[in-house]
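Now for the letters of each chain:
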Amino acid sequence: MNEQISRRLALAERVAREAGAKALDYFNRRESLVIETKRDAQDVVSIADREVELLIRGQIAQAFPDDGFLGEEFGLQPGNSGYHWVVDPIDGTSPFVNGMPNWCVSIAVIYQGEPVIGVIMAPCQQECFVAAQGAGATLNGKPLHVDPARTLQNHITGFGANSYVAPERVGEIAAEITAVGGNFFRNGSGAMMLAWVAAGRLVGYYEPYMHAWDCLAGYCLVNEAGGWTHPFNAQGEQLLRGAPVLAVAPGAKDELMRIARL
């Protein structure tokens, strides 16, 4: 791990923990939050999302003013260092505002279109998933490795969907996973479920349409834990566009790719 990545990794973990603490404080007094909708009634946002993103953005700008920054709430701020931070301040806002603990802070750093740092902080569980290119993945300091013996049949597959995905397709995914003898799980936070693939809690995760801020930190974690990820184009304007996301342990790759039609 070179010094440029090492310095950014230290900041990413520190700011993820601080942002997680701020988000948890909002979560514990969520009854006072004003909830707004964005694209549809399931796509919600609150001041918590915005304030957490501003906290992260501010610390990154102070430490690395030449880095680019893309956040879900405030969009893209270009940089000229070659490094871009890609952040979802609260992934799983719907669970968050409804009092469920399955939400997280997701922070990725990309270089030349590839995720080189991934940090996912789950404050309710006090779990911090950390990865950097070539340095492995950890959960609260413990190394993570996917199990190559796991398959769709002997483990659980995560999948997600949103209003970009036709209801019929959602049903097909669930049906096809169960048809091959598998079982599926969904908790409302794609970033958290990607971290769970790296941790071996899920054998894979598939979502037909995700944005960069939802998946790139998880991609780094899965890659560094020995899993496989379907390429996500994070070059130029493509960084702002959604795409299919698939992350999986080797033993389930071919079967889940067929279900995902990739």
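Residues numbered from 1 in each chain as written. Predicted model: local features only at pLDDT ≥ 70, side-chain atom pairs only at ≥ 80, totals over all residues. Heavy atoms only, no water.

An unreviewed UniProt entry lists the chain under the name Nus factor SuhB, from Serratia plymuthica. In the Sequence similarities (unreviewed entry) part of its UniProt record, the chain is described as follows: "Belongs to the inositol monophosphatase superfamily." Per UniProt, the chain carries the Catalytic activity (unreviewed entry) text "a myo-inositol phosphate + H2O = myo-inositol + phosphate". (UniProt positions renumbered as here; feature names shortened; annotations may be inferred.)

K.L.:
For this particular structure, what's the right way to read helix α1 (residues 3–28)?
P.N.:
Each turn of an α-helix holds 3.6 residues, which means side chains three or four residues apart point in the same direction. In this model α1 runs 38 Å from its N-terminal to its C-terminal C-alpha over 26 residues, within 8% of the 38 Å that 1.5 Å per residue would give. For α1, the full list of buried residues reads I5, R8, L9, L11, A12, V15, A16, A19, G20, A23, Y26 and F27. Check the buried side of α1 and you find it contacts α2 (47–63), β5 (83–91), α3 (93–97), β6 (104–111), β7 (114–122) and β8 (127–132). N-cap assignment for α1: the residue whose side-chain oxygen lies 3.0 Å from the backbone N of Q4 is N2. (Helix = DSSP H or I, 4+ residues; strand = E, 2+ residues; numbered from the N terminus. Expected span 1.5 Å × (residues − 1). Buried < 20%, exposed > 50% of the residue type's maximum accessible area, 1.4 Å probe, protein only. Contact = heavy atoms within 4.5 Å. Polar contact = N/O pair within 3.5 Å; in protein donor to acceptor, adjacent residues only side chain to side chain.)

K.L.:
What should I look at first to understand the domain arrangement of the chain in this one?
P.N.:
According to the domain assignment, the chain consists of domain 1 (3–144) and domain 2 (156–260). The interface is formed by 41 residues belonging to domain 1 together with 28 residues belonging to domain 2. The junction of domain 1 with domain 2 conceals about 2600 Å² of combined surface from both sides, 67% of it contributed by carbon and sulfur atoms. Seen at the junction of domain 1 and domain 2, the total is one salt bridge. Among the ionic pairs, R201 bridges to E127, the shortest N-O distance being 2.8 Å. For the pair domain 1 and domain 2, the number of links is nine residue pairs in polar contact (both at pLDDT 80 or more). The set of elements that each furnish at least two residues to the side of domain 1 that touches domain 2 consists of β5, β6, β7, β8 and β9 (136–139). Among the elements that make up the side of domain 1 that touches domain 2, the one with the highest residue count is β7 (seven residues). Looking at the side of domain 1 that touches domain 2 residue by residue, the classes come out as 25 nonpolar, 10 polar and six charged. (Domains from an automatic or database assignment. Buried area = accessible area lost by both parts, 1.4 Å probe. Salt bridge = Lys/Arg side-chain N within 4 Å of Asp/Glu carboxyl O. Nonpolar A, V, L, I, M, F, W, Y, C, P; charged D, E, K, R; others polar.)

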